[in-house]
Amino acid sequence: MSTPAVHSLWTTAADRIPQIGAPKIEYGQLSPTLIILGAALVGVLVEAFVPRRSRYYAQVFVSVVALCAAFAAVIGLAADGYGTTKAHIAAMGAVAVDGPSLFLQGVILLAGLVGLFTFAERRLDPAAHGNQVDSFAAQAAAVPGSDTEKAAVRAGFTTTEVFPLLLFAVSGMLVFTSANDLLTLFVALEVFSLPLYLLCALARRKRLMSQEAAVKYFLLGAFASAFTLFGIALLYGYAGSVSYARVAQVVDGSVTDVNPALAGTMGNDALLLIGAALLVMGLLFKVGAVPFHMWTPDVYQGAPTPVTGFMAAATKVAAFGALLRLLYVVLPGMRWDWRPVMWAVAIITMLGGAIVAITQTDIKRLLAYSSIAHAGFILAGVIATSKNGVSSVLFYLAAYSFVTIGAFAVVTLVRDAGGEATHLSKWAGLGRRSPLVAAVFAVFLLAFAGIPLTSGFAGKFAVFKAAAAGGAVPLVVIGVISSAIAAFFYIRVIVLMFFSEPRPEGPTVAVPSPLTMLAIGLGVAVTVVLGVAPQYFLNLANQASVFVR
Amino acid sequence: MEKLIALLIAAPLLGAVVLLVGGRRLDRVGHWVGTLLSTASFVVGVFLFADLLGRNAEHRTLIQHLWTWIPVEGFQADVTFRLDQLSMTFVLLITGVGSLIHLYSVGYMEHDERRRRFFGYLNLFLAAMLLLVLADNYLLLYVGWEGVGLASYLLIGFWQHKPSAATAAKKAFLVNRVGDMGLSIAIMLMFTTFGSFAFGPVFGHVDGATEGKLTAIGLLLLLAACGKSAQVPLQSWLGDAMEGPTPVSALIHAATMVTAGVYLIVRSAAVFNAAPDAQLVVTVVGTVTLLFGAIVGCAKDDIKKALAGSTMSQIGYMVLAAGLGPIGYVFAIMHLVTHGFFKAGLFLGAGSVMHGMNDEVDMRKFGGLRKYMPVTFITFGLGYLAIIGFPGLSGFFSKDKIIEAAFAKGGTEGWILGGAALVGAAITAFYMTRVMLMTFFGEKRWQPDENGAEPHPHESPKVMTIPMIVLAVGSVFGGAFFSIGDRFLKWLEPVTGHSEGHSPVSAGEITIATMACLVIGVGIAWAQYGRRPVPAVAPRGSLLTRAARRDLLQDDFNHVVLVRGGEHLTRSLVYVDHTLVDGVVNGTAAGFGGLSGRLRRLQNGFARSYAVSMFGGAALLVAATLLMRAV
């Protein structure tokens, strides 16, 4: 029998009366995502129906409950063994429920919760016309400086839409880490990116800068998404499927059947290589690896600081989750091709982030470059291609999230008349005036620098150890050199805070509500606990480090 | 029985903690608490001693393992105590003499408002010293070693309001650091050589190590011993250490701590026996020091400094004996014990004199005190007779044996070492007679102190004289008790080993020679200080005398060679640091900074440039991936 034409396929299919069975959805296993998505929709309804005055409380309530419930669901699933023995693929092959996805979902949910606390902070900005306001624009649609805006400010409006937006972003991230086919991956990417673009534009102060950041982020994000989508198309052309398992089998050569409809493209290695490269590039854009990092400083600086903190932590977790799954589940068959390339990316990312950070004068940009350098360190763990590599990356991401959100939360506290005082020169002598805040920030900086007894050291040690064991010793050497370069600018800030004379017109440190205190306190606690007694969490990450195929 | 060993240390340690933490409310009873706990330790020691005596010679080693201090794979540091004949001897000496001196201090420090603290430090010293001699490995020994160093520092500088005392304490501490460095490196070397620093494994595997390594370990141990025991070239601190209260000089800087170096060498006998070169250096150091100390002792007018020179010299004898190997170990320790008695007694006597003379130390302002302080005179006199080796007294037996052993070394070396030891004996007789004559005989040369108070010498209270009497008894009978029937030799031999040498000179001839030296030394001293009145102001003296007054220029030497040299070294290092190191460091930093500034310009704020960068990056990524496959 000769190969049937496309047309004949269609006709025979019609003869058989196609039975499209109802998809089997494991609601229980998908519950974390579903809870967050549901809560986000409830948030939209709250915006529509709840009176303006009560919206803030309703939104915060819904979001906190949803995040806690989703986290509890993750814990429940993990306790049930879905992270280890019962790991499997749910939703007709679209979503993987396994150790890495549950671990990272847990981290994203916690980061979302802590980020939410900073979103909900309403005591930092001086009360405008008797209304307590948060970091977000009074009315996003009002043109900056226009009368409409002034009226909105006077009326004490706040953009409570940020809470559902946060939840949408979180739901997208949850799926992103667990996506098990290329299309789900792409949809999740867009679901979490779009709310972030919006959130970036919502700063209450320096609105133009914020909008500029959002537009840049959107444009470049869309550009990157196009690459990603093109990569997905090429991979489909190569493997004849978007399912991770199927693509993996074709890549490593264990399946060789040819889909007759794709006979011209399947098995063409060029498609595989180009497709994989473009897909990886899309993910490297999200983690902020050099040379796809250039959006990071501008967006981190322009976005409202609570958004920056949340984004810096959670996006990185989600994107590394997806990258790990892609490289370890889909493309292990071509690891000899991607490893050297990733080596190069890791090296220029570590060095580039650390070197450019030296000359930064704005604390948010400084932290942005620091996040780029950290992306490089985490990439070193990814390259290890071993179980230890996965577990070290998981641990690093968990440790890094809390430090990052905490650090940006501290940034929101240091203010002058123009809002947050982010220029480094204004931080001079902060340790004299507000020793506690400066000390807390110093703890975070030390963690970023990877000084022992902080989570940063434990994470960096784990990642470098895994990388060295995976044969990437030169990478580790460069990583250590980059750490040394990076230590310079972290320590410089500490020196500036504690050993410089305070400036007379220097900023004041606002006294935050318990929400921000909680966020910062959690950051410090996790940083110290993971630094002093990391073993329990390393074991946890180790247990969670096996992907389901 | 082993369980009791920890009690030895625990009692004084408890005292130190209670007295130092307890604060003012213990001011009234503190001295008695300290004395009681020290005595308790002594009682436990006697109890253990009785137990050891009841055992066979080969079962006299008790081991108490308390806990593992540093449990790391391949690096095991235990808190384990070893009580054998050698450490037992030290325990009795330390706690016995220590308790007597505690008692003496009750009287001596009566008017000092910081007396409680003083007793706390004394107890701390006892605990550390006992830890030093009871440790079963070098690391734990090192803890005790540093502990006695700390106690010594605190006690030398006890009268810290006097700049001289503060400086002396600092000097002692610094000089001791040099020796401590040697010990710590020796321990590291042992660990790399033997894989352990516990006594058992180290001594058991000496055969497996090369002689070069053993010599290195031996020399490093000797360096440590030189620091703690004030041997040339690290001797300079001992004279200044006399700034401390006299009981401290008696206990720490005469009877016990300064002999720790001798203990270290004798304890490490297995290492030294296998390293003849190191042994030779030990004997040379001992010989040089015994002459050095003796000469310094001749020129000093300060009674305590004269005694300090004598201490240095006597420890020189012990080190010499220890360097001779199995012939000498037993006699080194025997001399150490007898010296502990008579030197402690001499210091307590000196303290008693000072007590009665408004704390005057210059012997040229003493004279004729025998009538006013009879008990002090008699006890001091017995100590004096013991140290110069008057027949039948302690020093006679122990020193004689050392001189004999030195001759038994054989060959030219034997003649040189033995001859030097004989000369030393003559000088000892000279300077001790000088001290005796200047202090207790002749005319009164008393002078009012700077406040104008005339001295009214009087006998010290009982609490001070009783310890002096007890020590005097020890000085008189100790040597004979140990030597008759070779009691001490039989006791210590299982630990240190013993061999009889073949002396080219017979024991009788040596005794006669020693006696001759003694008579010559005493005779010259009598001619110079007994027959003629002692001038109240020191005459200019010969070149040697002037040099000896300046401690044979040791401080000048240290100043020129070490201080100046150190300054030059520091300056050149600073120069190198500023130009070369800083140049490289700053250059690197500037390089990265410049790179950073240049790379930063790429970040121009235009989304289009960013997009180009991404596009270029993507192109490179694709190209690189394809290239990897092509390669």
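Computed from a prediction, not measured in an experiment: that's the story for all the values here.

A.B. asks: How should I be thinking about the overall build of chain B in this particular structure?
C.D. replies: When helices and strands are tallied, chain B shows 24 helices and 2 strands. Looking at chain B as a whole, 55% of its 631 residues qualify as buried. For chain B, the share of sequence-separated contacts (at least 6 apart) that also reach a separation of at least 24 residues comes to 80%. For chain B, the exposed area adds up to about 25,300 Å²; of that, 67% sits on carbon and sulfur atoms.

A.B. asks: Can you help me understand the interface of chain B and chain A in this one?
C.D. replies: The figure often quoted for interface size is the accessible area lost as the parts come together. Listed per partner, the contact involves 25 residues of chain B and 35 residues of chain A. Broken down residue by residue, the surface that chain B buries against chain A is led by Met-614, Leu-621 and Arg-629 of chain B, which jointly contribute 25%. Applying the counting rule to chain B against chain A returns 2 salt bridges. Between Asp-269 of chain A and Arg-629 of chain B there is a salt bridge; the shortest N-O distance is 2.7 Å.

A.B. asks: Would you take a moment to explain the pattern of salt bridges for this structure?
C.D. replies: Close approach of charged atoms lets side chains of opposite charge pair. Using the criterion set out here, one finds 30 salt bridges over all chains in the structure. Salt-bridge contacts for Lys-216 of chain A lead to Asp-298 of chain A; the nearest nitrogen and oxygen are separated by 2.8 Å. Of the two residues, Lys-216 of chain A sits in helix α8 (residues 207-239) while Asp-298 of chain A sits in helix α11 (residues 295-302), which places them 82 residues apart along the sequence. Since its relative accessible area comes to 7%, Lys-216 of chain A is described here as buried. Classification of Asp-298 of chain A by relative accessible area gives buried; the value is 9%. The partner of Arg-364 of chain B in a salt bridge is Asp-301 of chain B, and the shortest N-O contact between them spans 2.8 Å. Residue Arg-364 of chain B is found in the loop between α15 (329-356) and α16 (374-388), and its partner Asp-301 of chain B is found in the loop between α13 (276-299) and α14 (303-323); the two are separated by 63 residues along the sequence. You'll find Arg-364 of chain B and Asp-301 of chain B in the same group, each marked buried. Through salt bridges with shared partners, one network takes in Glu-212, Lys-216, Asp-298 and Arg-365 of chain A.

A.B. asks: How should I be thinking about unusual backbone geometry in this particular structure?
C.D. replies: The bulk of non-glycine residues show a negative phi, and the bulk of peptide bonds are trans. Cis geometry is found at the peptide bond from Val-290 of chain A to Pro-291 of chain A, where omega equals 5°. Residue placement: Pro-291 of chain A occurs in the loop between α10 (269-287) and α11. Geometrically, the link from Val-232 of chain B to Pro-233 of chain B is a cis peptide bond, its omega value of 10° lying close to zero. Take Pro-233 of chain B: it is sitting in the loop between α8 (211-229) and α9 (236-240).

A.B. asks: Please clarify how the packing of helix α3 (residues 85-108) of chain B against helix α10 (residues 246-255) of chain B should be interpreted in this entry.
C.D. replies: For any two helices packed against each other, the geometry comes down to the angle between their axes and how far apart the axes lie. Residues and elements named next belong to chain B. Contact geometry of α3 with α10 gives a least axis separation of 9 Å together with a crossing angle of 165°. Judged by the angle between their axes, α3 and α10 are roughly antiparallel. For α3 against α10, the interelement crossing comes out right-handed. Within the contact between the two elements, α3 uses Leu-93, Val-97, Gly-98, Ile-101, Tyr-104, Ser-105 and Tyr-108 and α10 uses Thr-246, Pro-247, Ala-250, Leu-251 and Ala-255. Broken down by class, the residue content of the contact of α3 with α10 amounts to 9 nonpolar, 3 polar and no charged.

A.B. asks: Teacher, can you tell me more about a nonpolar patch on the surface here?
C.D. replies: Taken together, the side chains of Phe-557, Val-560, Val-561, Leu-562 and Val-563 of chain B define a hydrophobic patch exposed on the protein surface, amounting to about 450 Å² of accessible area. Tracing the sequence through the fold places Val-563 of chain B in helix α23 (residues 554-602).

A.B. asks: Help me understand the pairing of strand β2 (residues 75-83) of chain B in this model?
C.D. replies: Remember that side chains alternate between the two faces of the sheet whenever the strand is regular. All names here are of chain B. Direction of pairing for strand β1 (residues 62-72) relative to β2: antiparallel, over a ladder of 9 bridges. The residue bridging Val-72 from the neighbouring strand is Phe-75, located in β2. Where β1 folds back on β2, the antiparallel hairpin that results is connected by 2 residues, among which Gly-74 adopts a positive phi of roughly 80°.

A.B. asks: Is there a simple way to explain the packing of aromatic side chains in this structure?
C.D. replies: A ring pair, where both rings are aromatic, is described by two values, the distance of the centres and the angle of the planes. Within the structure shown, the criterion is met by 43 aromatic pairs over all chains. Here Tyr-300 of chain A and Phe-408 of chain A contribute two aromatic rings whose centre-to-centre distance is 6.1 Å and whose plane-to-plane angle is 85°, an arrangement assigned as edge-to-face. Taken together, the residues span a long stretch of sequence, with Tyr-300 of chain A in helix α11 and Phe-408 of chain A in helix α15 (residues 387-413) at a distance of 108 residues. The same class applies to Tyr-300 of chain A and to Phe-408 of chain A, which are both buried. Grouped by ring-pair contacts, the aromatic residues Tyr-197, Tyr-217, Phe-218, Phe-285, Trp-295, Tyr-300 and Phe-408 of chain A constitute a single cluster. One Lys or Arg, Arg-122 of chain A, reaches over the ring of Tyr-56 of chain A and ends 3.7 Å from the middle of that ring. Sitting over the face of the ring of Phe-158 of chain B, Arg-114 of chain B holds its NZ or CZ atom 4.5 Å from the ring centroid.

Criteria and cut-off values
Residues numbered from 1 in each chain as written. Chains lettered and ligands numbered in written order. Predicted model: local features only at pLDDT ≥ 70, side-chain atom pairs only at ≥ 80, totals over all residues. Heavy atoms only, no water. Helix = DSSP H or I, 4+ residues; strand = E, 2+ residues; numbered from the N terminus. Buried < 20%, exposed > 50% of the residue type's maximum accessible area, 1.4 Å probe, protein only. Contact = heavy atoms within 4.5 Å. Areas by Shrake-Rupley, 256 points an atom, 1.4 Å probe, with all protein chains shown as cover. Buried area = accessible area lost by both parts, 1.4 Å probe. Salt bridge = Lys/Arg side-chain N within 4 Å of Asp/Glu carboxyl O. Axes fitted to C-alpha atoms, helices over the stretch in contact; angles between N-to-C directions. Parallel < 35°, antiparallel > 145°, perpendicular 65-115°, else oblique. Left-handed = near helix turned anticlockwise from the far one by under 90°. Nonpolar A, V, L, I, M, F, W, Y, C, P; charged D, E, K, R; others polar. Patch = residues over 30% accessible without salt bridge, like charges linked within 9 Å, V, L, I, M, F, W, Y side chains within 5 Å. Pairing = 2+ DSSP bridges. Phe/Tyr/Trp six-rings, centres within 6.5 Å; stacked < 30°, edge-to-face > 60°. Lys NZ or Arg CZ within 6 Å of the ring centre and 35° of its normal.

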